[in-house]
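Structure assessment
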Amino acid sequence: MLIVKKFGGSSVADKECIFRVAERCIEDYRKGNDIIVVLSAMGDTTDELIQKAKMITSDPSKREMDMLLATGEQVSASLLSMAINSLGVPAVSLNAFQVAFHCTSTYGGARVKRVDSQRIRHELDYKKIVVVTGFQGVNKYDDFATLGRGGSDTSAVAIAASLHADLCEIYTDVDGVYTADPRVVSNARKLKEISYEEMLELASLGAKVLHNRSVEMAKKYGVQLVVRSSLNNNPGTIVKEVAKVEKMLISGVASDKNTSRISVIGVDDKPGVAFRIFNTLAKNNINVDLILQSVGRGGTKDISFTIAQDDLNETLSLLERSKELLGISDILHKDNVAKISVVGAGMLSNPGIAAKMFEALFNAGVNISMISTSEVRITVLIDENDVERAMISVHDAFGLAD
Ligand code: ADP
Ligand code: ASP
Ligand code: MG
């Protein structure tokens with residue numbers, strides 16, 4: 001079998017962790033499998049590198065940021081390769097250039113284009129364990145570009161898809177995918193299986209256990225994923241096309257604190273205004289999530305929307321620059337907000353889910369400032385300080401507890 005194993009930052013945080021990962025890879029190698037390991041940077045390295053950049057300038061170029069961040073994964077990959085070699089098994093580490101892991105040119109948020117399989121295959125033919133840096137790709141300018149925070153999961157799935165791996169295992173610091181973040185909701189339940197669709201919603205709405213693009217890509221190429229712990233041998237969660245073991249109304253609750261709300265006040269109440277505002281943001285790759293437009297009054301209206309907090313400064317300066325052109329009289333923003341969402345394919349055929357969620361929030365004394373629904377999810381915007389309370393109450397209300 002060809003197995004891709006991805007280990008997150010906490011799984012390679014120190015010497016003991018690295019040797020534990022090495023042993024785990026060797027165990028499967030000795031069973032006669034071909035092993036590709038995809039690694040994140042050690043522990044909090046990526047955050048520390050970002051802090052280092054901030055020491056130099058508050059506004060580093062995105063290209064130089066990616067040049068810097070790409071070093072993190074090279075450290076962990078080379079160290080793991082050394083550890084495996086020291087245990088008597090041949091291994092080689094490869095970065096994005098050596099693999100030829102091609103991605104789009106957007107620094108800090110590149111998308112995978114194509115992964116060359118030749119070099120990896122060649123090393124596997126020599127019976128080596130191949131250790132590949134996650135998170136990084138090479139763009140058309142021959143520069144490093146990173147795939148966005150948490151992007152190593154996507155690197156692993158891309159490699160698994162391109163080499164037609166039999167198995168893609170995502171090792172992390174929890175036992176699998178739970179009905180809510182087990183660090184917030186202590187009685188959250190581990191799921192045996194979850195569908196791509198539901199996992200994609202959860203990941204996109206803040207459940208960072210998997211990078212959302214990794215799920216998107218796994219679905220597209222039919223790569224079955226297993227999410228499991230690097231610390232024990234528990235079975236983990238299978239992410240696949242149709243999960244039918246547990247037919248649940250709601251499969252999980254997710255929260256996302258990386259959210260800011262912007263309100264543009266007093267724009268003209270006429271056709272084309274919303275188009276111009278959101279087109280300005282779209283052209284600059286800024287994703288808008290929840291949108292709320294007030295009823296027009298005296299020829300003007302207000303539009304509120306949410307974006308990722310990381311995009312706040314850029315969004316504000318874009319709007320500020322086109323304030324006159326867009327006919328905006330004032331721009332307000334709020335940082336300490338968060339989204340919480342319930343996700344479930346069963347929602348479609350069951351009315352009353354929204355009412356139940358709102359009741360749970362009311363019982364917890366949590367105020368809702370925006371609402372958005374789709375066929376498989378309900379999302380509300382609340383105060384950031386209420387997130388933990390809200391999560392526990394909503395999780396409880398849907399009977400998800402263990
Ligand atoms: P890694 O470094 O292995 O990539 P991450 O920190 O990116 O790990 O993701 C794992 C974390 O995701 C867990 O520690 C957990 O706190 C968080 N998490 C959020 N939602 C969920 C969920 N529904 N199920 C499991 N873990 C979750
Ligand atoms: N090291 C990168 C990050 O922290 C990528 C990853 O861990 O998946 O975002
Ligand atoms: Mg991660």
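Before any of the text, the structure's been laid out above.
The structure displayed is predicted, hence computed values, not measured ones.

**Remarks on the site of ligand 1**
Inspection of the region around ligand 1 gives 17 residues, with Thr-172, Asp-173, Tyr-178, Asp-181 and Arg-183 positioned closest. Side-chain polar atom of Lys-6 to an oxygen atom of ligand 1: 3.1 Å apart, as the coordinates give it. Between ligand 1 and Asp-173 there is a distance of 2.8 Å, counted from an oxygen atom to a side-chain nitrogen or oxygen. Across the complex, the protein chains shield 90% of the 580 Å² of accessible surface that ligand 1 would expose by itself. Looking at the shell around ligand 1 residue by residue, the classes come out as 8 nonpolar, 4 polar and 5 charged.

**Quick notes on the sheet that holds strand S14 (residues 291-293)**
Whenever strands of a sheet pair, they do so through backbone hydrogen bonds, lying parallel or antiparallel. Strands sit in the order S14-S15-S13-S16-S18-S17 across an open sheet of 6 strands; the sheet is antiparallel. Across the chains shown, the open sheet's two edge strands, defined by having one partner strand only, are S14 and strand S17 (370-373). Between one strand and the next, the sheet's axes are offset by a mean angle of 25 degrees, whatever the strand orientation. Where strand S13 (residues 252-268) meets strand S15 (residues 300-308), 8 bridges bridge the pair, whose relative direction is antiparallel. Across the sheet, the residue bridging to Asp-268 is Thr-300, located in S15.

**Remarks on the sheet that holds strand S11 (residues 225-229)**
Across the sheet, 8 strands lie side by side as S3-S6-S2-S1-S9-S11-S12-S10; this open sheet has mixed pairing. Here the strands that pair on one side only, and so sit at the sheet edges, are strand S3 (91-94) and strand S10 (193-195). Averaged over all pairs of adjacent strands, the angle between strand axes in this sheet comes to 20 degrees, irrespective of strand direction. Bridge count between strand S1 (residues 2-7) and strand S2 (residues 34-39): 6 bridges; the pairing is parallel. For Val-4, the partnering residue across the bridge sits in S2 and is Ile-36.

The rules behind the values
Residues numbered from 1 in each chain as written. Chains lettered and ligands numbered in written order. Predicted model: local features only at pLDDT ≥ 70, side-chain atom pairs only at ≥ 80, totals over all residues. Heavy atoms only, no water. Near = heavy atom within 4 Å. Polar contact = N/O pair within 3.5 Å; in protein donor to acceptor, adjacent residues only side chain to side chain. Areas by Shrake-Rupley, 256 points an atom, 1.4 Å probe, with all protein chains shown as cover. Nonpolar A, V, L, I, M, F, W, Y, C, P; charged D, E, K, R; others polar. Pairing = 2+ DSSP bridges. Helix = DSSP H or I, 4+ residues; strand = E, 2+ residues; numbered from the N terminus. Axes fitted to C-alpha atoms, helices over the stretch in contact; angles between N-to-C directions.

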